[in-house]
Structure formats: C-alpha cells, structure tokens
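# Analysis of the macromolecular model
For reference, the chains in residue letters:
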Amino acid sequence: MKLILASSSPRRKQLLNMAGLHFDTLASEIDEHIQANQKPEEMVQSLAYQKAKEVQRKHRDAYVIGADTIVVHEGQALGKPKTKQEAFEMLNRLSGQTHEVFTGVAILSPEKETVFAERTAVTFWDMTKEEIWEYIETGEPMDKAGAYGIQGKGALFVKQIVGDYFSVVGLPLSRTIRELKKLDWKQEERNGE
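Quick summary incoming for the structure in this document. (Residues numbered from 1 in each chain as written. Predicted model: local features only at pLDDT ≥ 70, side-chain atom pairs only at ≥ 80, totals over all residues. Heavy atoms only, no water.)

## Some thoughts on helix α3 (residues 84-94)
Taken together, the buried positions of α3 are occupied by A87, F88, M90, L91 and L94. Within α3, the buried residues cover an arc of 165 degrees as seen down the axis, which keeps them to one side. Those residues of α3 that are buried are in contact with β3 (63-73), β4 (76-78), β5 (98-108), β6 (113-124) and α4 (129-137). Two residues or fewer after α3 comes G96, characterised by a positive phi angle close to 70 degrees. (Buried < 20%, exposed > 50% of the residue type's maximum accessible area, 1.4 Å probe, protein only. Helix = DSSP H or I, 4+ residues; strand = E, 2+ residues; numbered from the N terminus. Arc of directions from axis to C-beta. Contact = heavy atoms within 4.5 Å.)

## A short note on α4
Within α4 the residues assigned to the buried category are I132, Y135 and I136. Buried residues of α4 fall within an arc of 100 degrees about the axis and therefore sit on the same side. In α4, those exposed residues whose orientation departs by more than 90 degrees from the buried face are E130, E134 and E137. In the core, the buried residues of α4 are packed alongside α3. After α4 finishes, the residue G139 shows a positive phi value of roughly 85 degrees.

## Some remarks on the packing of aromatic side chains
Tallied over the full model, the rule gives five aromatic pairs. When the centroid spacing of 6.2 Å and the interplanar angle of 50 degrees are considered together, the rings of F124 and F157 count as tilted. Separated by 33 residues along the polypeptide, F124 in strand β6 and F157 in the loop between α4 and β7 (158-162) bring together distant segments of the chain. Of the two residues examined, F124 and F157, each falls in the buried class. Measuring from centroid to centroid gives 5.2 Å for Y135 and F157, while their planes differ by 80 degrees, and the two rings are edge-to-face. Taken together, the residues span a long stretch of sequence, with Y135 in helix α4 and F157 in the loop between α4 and β7 at a distance of 22 residues. Owing to a relative accessible area of 4%, Y135 belongs among the buried residues under this scheme. We classify F157 as buried; its relative accessible area is 8%. An aromatic cluster of three or more residues is present, and its members are F124, Y135, Y148 and F157. (Phe/Tyr/Trp six-rings, centres within 6.5 Å; stacked < 30°, edge-to-face > 60°.)

## Focus: the pairing of β6
In terms of strand pairing, β5 meets β6 through 11 bridges, oriented antiparallel. If you follow H99 over to β6, its bridge partner there is V122. Hairpin connection between β5 and β6: a loop of four residues separates the two successive antiparallel strands. Sheet analysis places β6 next to β7, joined by four bridges and oriented antiparallel. Paired with F124 across the bridge in β7 is V158. (Pairing = 2+ DSSP bridges.)

## Re the packing of α3 against α4
The geometry of a pair of packed helices is captured by two quantities: the angle between their axes and the separation between those axes. Contact geometry for α3 and α4: axes closest at 10 Å, N-to-C directions at 135 degrees. By the angle class used here, α3 and α4 are oblique. Taken as a pair, α3 and α4 cross one another with a handedness that is right-handed. Listed contacts from α4 to K84, Q85, A87, F88, L91 and N92 of α3 are K129, I132, W133, Y135, I136 and E137. Across the contact of α3 with α4, the residue classes tally to seven nonpolar, two polar and three charged. (Axes fitted to C-alpha atoms, helices over the stretch in contact; angles between N-to-C directions. Parallel < 35°, antiparallel > 145°, perpendicular 65-115°, else oblique. Left-handed = near helix turned anticlockwise from the far one by under 90°. Nonpolar A, V, L, I, M, F, W, Y, C, P; charged D, E, K, R; others polar.)

Following this line, the structure appears as structure tokens:
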C-alpha cells in the first residue's frame, strides 16, 4: 500500500528513510491554529490529524502519516522563533532547565486510523549568552520548535533525555512503525527491488 508522509520536514523524511520505508511526501497546507485551552498532547495530536486528513482527502487509497512537535516549558508552548531575538529568549529560558517535547502522530488508512502522542523530557546544561548567540548565528534554530535541533549542533546543549530521542527529532520512529503494522500496512514493492 502506498505510504505518504504529510510533511516537508527533512528530519521526518530522514527518519522514515532510515527505517527503510518507501514513501512519498506531500506537505499539508493546513492553518496550524492552536486552541489556547488544549493540553500539549491534545494539541500535537489534533494538528497531526489535521495534516494527515488534508492529504488523505486527495489520496484516499493511501496510508498517510501526519506529525506535529512542540516544546513546552513551564506550561508554555514554544513554537518556531520568528526572529533571532526570539530564538535567544527561548534558548536562554531553556538554559539549565528541563522542558518537555511532545510529538503527535496520526496515521490514516483507507479503513482505519490511529492517533497518539509521545512525551520526552529534555534537560539542558547551563548555557552562556555567547554560546546561545553563536548557535543562533548558525541559522539552525530558526525553523525548529523551541529554537534548537537535537540532531544538529543543538545536541551540544543536551545534558539528559528521558524518553524517545526520535520523538524530539520529530517522529517517534519505532512506535510509528508498530502502529503502521497494526493498521495492516505492508511495504509496496518498488521496481528493481
């Protein structure tokens, strides 16, 4: 059965490639509106479902994976920074602290669907203002929730992680594969394989 990742995230693509899956990518174009009263796990599951559903409307015979990740510190969701100053404020806030990363996943098949969320706790070392600004100047923080990429230079700030590392990257890989199998997904044959 055809598998589609409803995301343009290079990190999510890389994870599915790492697992040896054959899939297409088609970014959803939903308005990622967050309801203020939602819990973080509800928020990421809702956005993941909306992304998958939007793509599934055009590809009803496929299995579609949607995902969404947020960083939460002291009850506040930290999205992607819009400016370097905003990135600095986020990273300065996370310095020496533990925060949570929630990734929601929705998998929709022609007959069934499943939606779940993973929570991972990440603790940062204390960071100097100079370290934070040097990191911001690499450009890496600007398209990442919480202003850091754990799979890149942002890894240098991580003191401890409790939970699924891949969920922090953007997709809880092993659980996603298990949930696909529960929905009876089988890898389609590709020419030459």
